[in-house]
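This is what each chain is made of:
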Amino acid sequence: ILKEQETVTDIMPTEVLPAIDGHGHRLPKDWAHESFKHMSKADTAMRASDVTRGIGHTTMATGVKVTNDNDNRVDKALRSKIGQTTKLKSLLEDSVDKTGVEIRKMQAIKKHLEEEQSKVNKHLSCNLDRRGHRSLRPTRELANDVPHKELKRQTDLLQETDLKLQSKIDDVGRSINKLKSVKATLSADLTDKVSALDLDNKCLDMTANDSTYGIPQLPNHHTAGLPFGWKKNTSMGVDEALEAHRQAQKLRKNAFHVTNQRKRMEKDQHDLLQSALSHKVSEISRLRDDLQDQLAQVEDEISKATKVKKKLEIAIQDKMPPLNLAKQRYMTRTKRPSREAIHDEVEHALLMQYNELKDVVADLQNKLNQVNDHLASLRRTKQELEMNIADKSKNYKTDTHTHAMAPSRPGTSQTLNSDALSLRPSTGSTAKMLLGSTI
């Protein structure tokens, strides 16, 4: 019809036909033909308009249907997306909260480890002080005895424990940094989810009330990724957080194991060392008492030997006058005249007296010399005993003080509650369960 209308329009004259006479009169057939053409043109235009109106009504109905379908599709997609985002938002909020709890727990265990390390360092300092104090014992008392060995073993144990605690503190510090990094990533994702959820809700609440005519142009928009990647990134972040939680829980359990083991070992070593020092102090006291008893016996023997010495000296002194008298008598008789110088019974008696007295004095002198030698030996022994007793007394005081220098006995192992050592599996399946069909 439109083509016919265009054809009729093309064949219609655009100018009035010239008159057939000089007064503007036309032929009757031209006059009728002109009217026929006008009616035909009007009929063609009306039919074309009717078709156009029909097409317009159809187009408008189609447009309404397309608009309604698109609105329903967009609303459905927005509601689905809002539901998915809400689930992801809830999952992220739960993960962020749990990560915050884990961070606080790890900070608490780090503080606990640092306190334990401080105690170990104090005990190590006390151990070194005790070893230094025992090194001041007299030279004769510097024995590689049981307390010396136990103090050395305690030093090694405390140094090894200090290294273990420092290693665990470093591990906990790295775990805290990891948890903070994971929390920051989850928080950023949660912030984006909240913003996206707010924008999608605004889109859902929008109504078509802008009647400005014209086809609006959409700005260029770069899509960051596919929906699957969007969901997968959040799921991976949550799974990473759950893995960090598991590692933190295992680390806390191991840290408590180390501290409890430290207390048990240090308590056992403390008991061994204190027992060794107690036995050593008792041994020193017993040995000192034995030395003092021996010293008393030596002093008693010195006293007896001194008395014998005095008696021997008196006996010698008593024998000296008769001996000297016998000598003087003999020497006096040697001055007799030659004819009187005979070996008579007097001379024989004098010589016998002199020799007997001389032998007695010599024997007494030998006995006196022996007694003097014994006295010298006894006095030297007495001096050694006194020095030994003095060293034992000093050593007794030293080890008694060393025993008293011991730090307080380590307490019993702590009982850990299920919250502190929760190792229940938190795998990626939890995230999938929470997300449902969105993952």
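Residues numbered from 1 in each chain as written. Predicted model: local features only at pLDDT ≥ 70, side-chain atom pairs only at ≥ 80, totals over all residues. Heavy atoms only, no water.

Caption draft 1: Representation of the overall build of the chain within the structure. Helix and strand counts for the chain stand at six helices and zero strands. Helices and strands appear in the chain in the N-to-C order α-α-α-α-α-α. For the chain, buried positions account for 30% of its 439 residues. The contacts in the chain between residues at least 6 apart in sequence include a share of 91% that link residues at least 24 apart. By element, 55% of the accessible surface of the chain is carried by carbon and sulfur atoms, the whole surface being about 28,900 Å². (Helix = DSSP H or I, 4+ residues; strand = E, 2+ residues; numbered from the N terminus. Buried < 20%, exposed > 50% of the residue type's maximum accessible area, 1.4 Å probe, protein only. Contact = heavy atoms within 4.5 Å. Areas by Shrake-Rupley, 256 points an atom, 1.4 Å probe, with all protein chains shown as cover.)

Caption draft 2: Up close: the pattern of salt bridges. Going through the model one piece at a time under the given rule, you end up with 27 salt bridges. Residues glutamate 102 and arginine 252 are paired through a salt bridge, measuring 2.7 Å at the closest nitrogen-oxygen approach. Of the two residues, glutamate 102 sits in helix α2 (residues 28-134) while arginine 252 sits in helix α4 (residues 227-333), which places them 150 residues apart along the sequence. As a salt-bridge pair, lysine 178 and glutamate 240 come within 2.7 Å of each other at their nearest N and O atoms. On the criterion of sequence distance, the pair formed by lysine 178 in helix α3 (residues 146-205) and glutamate 240 in helix α4 is long-range, its members being 62 residues apart. (Salt bridge = Lys/Arg side-chain N within 4 Å of Asp/Glu carboxyl O.)

Caption draft 3: How the structure looks around the side chain of arginine 130. You can see arginine 130 is positioned in helix α2. Among the polar contacts listed, one links the side chain of arginine 130 to the backbone oxygen of threonine 402, at a separation of 2.9 Å. Residues in contact with arginine 130, not counting those within four places in the same chain, are Leu151, Gln154, Leu273, Gln274, Leu277, Thr402, His403, Met405, Ala406 and Pro407. (Polar contact = N/O pair within 3.5 Å; in protein donor to acceptor, adjacent residues only side chain to side chain.)

Caption draft 4: Structural context of the environment of leucine 165. Tracing the backbone through its elements, the reader meets leucine 165 in helix α3. The sequence separation of leucine 165 and leucine 113 amounts to 52 residues, and the corresponding C-alpha distance is 6.5 Å. Dropping the residues within four chain positions of it, leucine 165 is found in contact with Leu113, Glu116, Gln117, Val120, Val258 and Thr259.

Caption draft 5: Focus on the packing of aromatic side chains. One pass over the full model with this rule turns up zero aromatic pairs. Residue placement shows arginine 288 over the ring face of tyrosine 396; its charged tip is 4.7 Å from the ring centre. (Phe/Tyr/Trp six-rings, centres within 6.5 Å; stacked < 30°, edge-to-face > 60°. Lys NZ or Arg CZ within 6 Å of the ring centre and 35° of its normal.)

Caption draft 6: Just the confidence of the model for the chain, in detail. Looking at the chain, pLDDT values average 83 and 83% of them are 70 or higher. By mean pLDDT, helix α6 (residues 428-435) is the weakest element of the chain at 42, and α3 is the strongest at 92. This stretch, residues 1-15, has a pLDDT under 50; its non-local contacts, to residues over four places away or in other chains, come to 15 contacts. (pLDDT = per-residue confidence, 0-100.)

Caption draft 7: Local environment of the environment of aspartate 94. Structurally, the position occupied by aspartate 94 is in helix α2. Here the alpha-carbon distance between aspartate 94 and valine 238, two residues 144 residues apart in the chain, equals 9.5 Å.

Caption draft 8: Representation of α3 in the model. Helix length check: α3, at 60 residues, gives a terminal C-alpha distance of 86 Å against a target of 88 Å (1.5 Å per residue), a fit within 8%. In this structure aspartate 145 caps α3, since a side-chain oxygen of it lies 3.1 Å from the backbone nitrogen of histidine 148. (Expected span 1.5 Å × (residues − 1).)

Caption draft 9: Structural context of the environment of serine 95. Looking at the element boundaries, serine 95 is found in helix α2. Separated by 144 residues in sequence, serine 95 and aspartate 239 have C-alpha atoms that sit 9.3 Å apart. The residues contacting serine 95, other than those within four sequence positions of it, are Leu186, Val238 and His245.

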